[in-house]
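Next come the chains, spelled out residue by residue.
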Amino acid sequence: MRYGFFPGCSFEGAAGYRESTEAVCRVLDIELAEIKDWNCCGATSYWSTRDMKAYVLPARIMALAEAQGFSEIVNICNACYSTLRKADEKLKNDGELKVKVNLALGEENLKYSGSLDIRHFMEVIVNDLPADRLKKHVKIDLSDFIVAPYYGCQLNRPWGDMDDTENPVLMDRLIKRLGAKPLENYSAKTECCGAAHMVAHKNECIILNRRIVKDAVVKGAEVISTLCPLCQFNVDSSQGRNGLPDMPVIFFTQLMGLAFGLTGKKLMLNKLLTPLKKAV
Amino acid sequence: MRESIPKIGVYVCHCGTNISGKVDVDAVSNYASNLPHVEIARNFKFMCSNPGQQLVIDDIKEKGLNRVVVASCSPRMHEKTFRKACKTTGINPYYFQMACIREHDSWVTEDPVKATQKAKDLVRGAVSRVTHHQGLSSRVVDINSNVLIIGGGIAGMQAALDIANGGKKVYLVEREPSIGGNMSKFDKTFPTLDCAACISTPKLVAVGQHDNIEMMTYCEVVDVSGFVGNFKIKIKKKPRYVDAEKCTGCGVCSEKCPSKVISEFDHGLTNRKAIYTPFPQAVPNTRVIDADNCIYFKKNRCRLCEKFCEANAIVFDQKEEIIEIDVGSIIIATGFETFDPVSITQYGFGRFPEVYTSIQFERINNATGPTSGQILTKNGKKPESVAIIHCVGSRDKNHMKYCSRVCCMYSMKFAHLVHEKTGAQVYEFYIDIRSPGKGYEEFYNRLQEEGTHFIRGKVSQVTDIIDSDDDQGRLMVVAEDTLAGRVRRIPVDMVVLSVGLKPSSGIENIVRMVGISLDSDGWINELHPKLGPLATPSDGIFVAGCCQGPKDIPDSVAQGQGAAGEALSLISRGKLEIEASVSIIDPERCMGCRQCEEVCFYSAISFNPILSVCEVNEAICKGCGNCTATCPNKAIELKHFNNDEIIAEMEGLMFG
């Protein structure tokens, strides 16, 4: 299985996201083929300026993917996923803008035509892989490992076509397939982590992240599983002074790696700010 | 009977300045006087007035006119007026044609020159058409004085009482085992805080005891045929498995019954038994067995009710019956049901135990409800704070875009009850406060003085994510306080969702049976939103109460009385004249393909298997022309809109 892959700017620096994703892909025999010469998507901050360049950035990524023969772009970041989808939707509906954007892309002989599917890697794992193919690789018993599935706010809103906007279940399903227990009544599933505001409005964001952690703590989770580098960073780094017990925040690919029996070292669990202490 | 030479009088109305302000009426009447067969053409300030009509009448008499054209407003306004004027002079009213030069011309055309030309064209079209008119006669039908009322809630009961008191017979059909409707579920009613049961029970009893009302409960209408004054109704009487004549309502059977079922009347808050009445003051007080949940019907065991019934009223082999009745008019009063907020997942209904809908909260407050009227959480404690969220499902383009009209008032009523019964803090989250009725604004003031916290802002979520450990077990209501400019997170013990109103389930079947329609929100379409709120485009079918649109109890009662008035008015006329513009099928040309039957909205066409042709029931036919246009063999003529008339009008309009 081969997919066009857009890593985004945070893939490299995130706490073991790249290492765990690559490891898991090797086990499952999935090829995430990086789009050559990709650029930053602009994410939420740049997109919100409504500047012409803010549209060109994501359009260029999609144009490159098209030119390189891909029919889908797989993301591992909520903001990248959301921005690409927003750009795709906007360009599909605004003919004039599309012409202007293609004029800019034309400088590099690129063209955006809107023929791609924009996807998130978690959804690819759950929907494209038959359940038993995943279960075949599960070597470790995680049956009493309670995992709080944290989706973040941008994955399913506003579209709600991949999963429910308020109570998504795809990652819950993945956790079950790995033999672990998803926290069934986790209310903070889609609460916002503050994203880039963590930098400029740290105090307000710490309050937001505290809720995400507190709900997991109160309801008995042992770890939070997430699917976005910024979510992981915010929830992970905001702990420590919030008066709550430590709640490690790992990527879903690291959870998969743990289930597959890969070592913590291989999954770069040592990069986590809030350490995962559970002996797995 | 057709006159051999048409002699047409043309009258162009100024309509004050509505027409003459844009159209040069002199030019139009002059132009008309030169058209073929036009004997006389005049213009006048107000044709619909007495002097205006007198002009027409005098000209008919003096000049021997046999056709009249009036160029003025829409036929919907005054066609009847002028037809009547013609009739008084002895010429057939269908020899009249109106040219609409107001709604179709002066009111919608900017340029006076164009408007005048258009008026000339329209008059020319009417003159051309009217020469082909045939003299038609209206049919007259008798009116049966019985009335069918579908729905035994407050509107239906009120209508029934008024008609019955007027000496006419009423069949009141209600699908639940008891009459009373939604009002029987309430505790107090706004703004007077009258006890709902106290004011409605006398009505229930009066209905049950009235000689002229035949109360048919646990029944449903399954077929309606016929036409105004002459409806034939089939009613399905569902088996109660209890003999109504023998049952004393003692209730021992319900006490002994081992089978528990979730109570519909309590909206899921408690259980009832398989043999039950919905509430203690039910009318009739006859028990009913819910066969789907009865152990005898499911497993052929038990029969405890039969064993303990001292009146021997249990009849397990009772059968469904179809009862046929004849009525002259029908009043639909099927009421409302509340919006189910489970689809608004952010509010946690169905997920958090202490989130209730307003109708559930009514049951909690009602003395016959699950907590005997006390406001308690499911752990049996009084709440210290309660949130009431307005507009759940209403004013929401994702669900119901309209305002449900009663929720602000009942929400404030709840606030009062919470204060009174528990002393808890009440937080009302609203978008606007709508309190238009008598005493309603004063009620709002009272609630403010009672210390209710009114927070203007839509609630974004009800969540169990708490910030402080003190709030363990409570719910957080997150809302934007738009007046303070802040986001609020308020911990509460109980949340009441003020859900909106929607039409009762099954209303689509009722309207299909009687041949009327629903609007885009599912409420019944009334004849005219301002001037005809209780009638429908189908003669003899009236509406009352919430089925026409959400409203409070005073308005439902008023509409019930109004619909009774409509029905009684119809009955006292004794006879009804039916429009002569109907379809007629030529049996020589009809080949029995039945396509006309398929396209008739009013079910006015039926197939005659003996002659192998289709036939139109002229009494039901509305003259819409659908069949006429559909017939592949041109076997159908629509009277007053036949091919000659239409083509003549078209030619008149186009060729000047």
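Residues numbered from 1 in each chain as written. Chains lettered and ligands numbered in written order. Predicted model: local features only at pLDDT ≥ 70, side-chain atom pairs only at ≥ 80, totals over all residues.

Let us look at the overall build of chain B. Helix and strand counts for chain B stand at 18 helices and 34 strands. For chain B, the spread of C-alpha atoms along the three principal axes comes to 90 × 65 × 45 Å. Looking at chain B as a whole, 46% of its 656 residues qualify as buried. Partitioning the contacts of chain B with sequence separation of at least 6, the portion at a separation of at least 24 is 70%. (Helix = DSSP H or I, 4+ residues; strand = E, 2+ residues; numbered from the N terminus. Buried ≥ 20, exposed ≤ 12 C-beta atoms within 10 Å, placed from the backbone. Contact = placed C-beta atoms within 7 Å.)

Right, let's get into the overall build of chain A. Along chain A, the regular secondary structure elements total 12 helices and eight strands. For 280 residues, the compact-globule estimate of 2.2 N^0.38 gives 19 Å, and chain A sits close to it at 19 Å. Counting only C-alpha atoms, chain A reaches 55 × 45 × 30 Å along its principal axes. Going through the 280 residues of chain A one by one, you find that 49% of them count as buried. Long-range pairs, those at least 24 residues apart, make up 78% of the contacts in chain A with a sequence separation of at least 6. (Rg over C-alpha atoms; globule rule 2.2 N^0.38 Å.)

For the rest of this paragraph, the subject is the confidence of the model for chain B. Summarising the model, chain B shows a mean pLDDT of 94, and 100% of its residues fall at 70 or more. As scored by the predictor, the complex reaches a pTM of 0.86 and an ipTM of 0.90. (pLDDT = per-residue confidence, 0-100.)

Bringing the environment of A71 of chain B into the picture now. Residue and element names in this part refer to chain B. Among the structural elements, A71 can be located in strand β3 (residues 67–72). You can call A71 buried: it has 31 C-beta atoms within 10 Å. Excluding anything up to four places from it in sequence, A71 contacts V10, Y11, V12, C13, V28, A99, I101, A119, L122, V123 and A126.

Looking now at the domain arrangement of chain B. As far as domains go, chain B holds domain 1 (8–136), domain 2 (147–238 + 320–333 + 509–573), domain 3 (252–308), domain 4 (337–502) and domain 5 (583–639). Domain 1 of chain B and domain 3 of chain B are separated by 69 Å when their C-alpha centres are compared. (Domains from an automatic or database assignment.)

Attention shifts here to the domain arrangement of chain A. All names here are of chain A. The domain boundaries assigned to chain A delineate domain 1 (2–121) and domain 2 (133–271). Computed over C-alpha atoms only, the centres of domain 1 and domain 2 are separated by 24 Å. Residue-level contacts link 22 residues of domain 1 with 26 residues of domain 2. Listing elements by their share of the side of domain 1 that touches domain 2, those giving two or more residues are α1 (17–28), α2 (43–47) and α4 (78–93). Of the residues that constitute the side of domain 1 that touches domain 2, the class distribution is 11 nonpolar, nine polar and two charged. (Nonpolar A, V, L, I, M, F, W, Y, C, P; charged D, E, K, R; others polar.)

What follows covers the nonpolar core. All names here are of chain B. A160, I331, V477 and V495 are the most contacted members of the largest nonpolar core, which has 216 residues in total. Ignoring anything within four residues of it in the chain, the contact list for I331 reads V147, I149, A159, F542, A544, A563 and A567. If you look at the next biggest cluster of nonpolar residues, it comprises 41 residues, including Y11, Y95, I101 and A119. (Core = buried A, V, L, I, M, F, W, Y, C linked by C-beta atoms within 7 Å.)

Before going further, it helps to spend a moment on the interface of chain A and chain B. Where the parts come together, the accessible area they lose is often given as the size of the interface. Taken together, the contact pairs seven residues of chain A with six residues of chain B. Along the lines of polarity and charge, the residues of the side of chain A that touches chain B split into one nonpolar, two polar and four charged.

Next up on the list: the sheet that holds strand β23 (residues 453–456) of chain B. Adjacent strands of a sheet form backbone hydrogen bonds with each other and so pair up, either parallel or antiparallel. Residues and elements named next belong to chain B. Strand order in the open sheet formed by five strands is β20-β27-β21-β22-β23, and the pairing between neighbours is parallel. Bordering the open sheet on either side are β20 (355–357) and β23, each of which pairs with just one other strand. Taken over all neighbouring pairs, the strand axes of this sheet differ in orientation by 20 degrees on average, direction set aside. Two elements, strand β22 (residues 425–430) and β23, share four bridges in a ladder whose sense is parallel. Residue pairing for β23: E428 is matched across the bridge by F454. (Pairing = 2+ DSSP bridges. Axes fitted to C-alpha atoms, helices over the stretch in contact; angles between N-to-C directions.)

Glancing now at unusual backbone geometry. Between R157 of chain A and P158 of chain A the backbone carries a cis peptide bond, its omega angle lying at 5 degrees. With respect to the helices, strands and loops of the structure, P158 of chain A is situated in the loop between β5 (146–149) and α8 (170–177). For N109 of chain A, which is not glycine, the phi dihedral falls at a positive 60 degrees. Mapped onto the secondary structure, N109 of chain A falls in the loop between α5 (95–106) and β4 (117–120). With phi around 60 degrees, N300 of chain B is a residue other than glycine that occupies positive phi space. Here N300 of chain B lies in the loop between α9 (295–299) and α10 (304–308).

What follows concerns the packing of helix α2 (residues 50–63) of chain B against helix α3 (residues 75–88) of chain B. All names here are of chain B. Their axes nearest at 9 Å, the elements α2 and α3 cross at an angle of 40 degrees. Considered as vectors, α2 and α3 are oriented oblique to each other. Crossing angle aside, the handedness with which α2 passes α3 is right-handed. Seen from α2, the contacting residues are Q53, V56 and I57; seen from α3, they are F82, A85 and T88. Across the contact of α2 with α3, the residue classes break down as four nonpolar, two polar and no charged. (Parallel < 35°, antiparallel > 145°, perpendicular 65-115°, else oblique. Left-handed = near helix turned anticlockwise from the far one by under 90°.)

What follows covers the pairing of strand β1 (residues 8–13) of chain B. All names here are of chain B. Taken across its six residues, β1 has six buried, putting it largely inside the fold. Tracing the backbone out of β1, into helix α1 (residues 25–33) and back to the parallel element strand β2 (residues 38–44) gives a crossover that is right-handed. One ladder, built from five bridges, connects β1 with β3; its direction is parallel. Residue pairing in the sheet places I8 in a bridge with R67 of β3. (Right-handed = clockwise from strand over helix to strand, strands pointing away.)

Residue and element names in this part refer to chain B. One can describe the packing of helix α5 (residues 112–130) onto helix α18 (residues 643–654) by two numbers: an axis separation of 7 Å at closest approach and a directional angle of 150 degrees. The angle between the axes of α5 and α18 places the two elements in the roughly antiparallel class. Regarding α5 and α18, the two cross each other, and that crossing is right-handed. Counted together, D121, R124, G125, V127, S128 and R129 of α5 and E645, A648, E649, E651, G652 and L653 of α18 form the full contact between these two elements.

Residue and element names in this part refer to chain B. The strand order β2-β1-β3-β4 describes an open sheet built from four strands, whose pairing is parallel. This sheet does not close on itself; its edge strands, each paired only once, are β2 and β4 (96–100). Neighbour-to-neighbour, the strand axes of the sheet open up by a mean angle of 15 degrees, direction not taken into account. Contacting β1, β2 and β3, α2 crosses the sheet at an angle of about 160 degrees to β2. Packed onto the sheet, α5 meets β1, β2, β3 and β4 and runs at close to 160 degrees relative to β3.

Residue and element names in this part refer to chain B. Its place among the elements puts C614 in strand β33 (residues 613–616). In this structure, the C-alpha to C-alpha distance between C614 and P587, residues 27 residues apart in sequence, is 7.6 Å. Sequence-distant contacts of C614, defined by excluding residues within four places in its chain, comprise I585, C590, G592, R594, C596, E597, I605, S606 and F607.

Right, let's talk about the environment of K111 of chain A for a bit. Residue and element names in this part refer to chain A. Here K111 lies in the loop between α5 and β4. For K111 and S143, which are 32 residues apart along the polypeptide, the C-alpha to C-alpha distance reads 49 Å. Among residues more than four places away in sequence, those in contact with K111 are A63, N102, L105 and G106.

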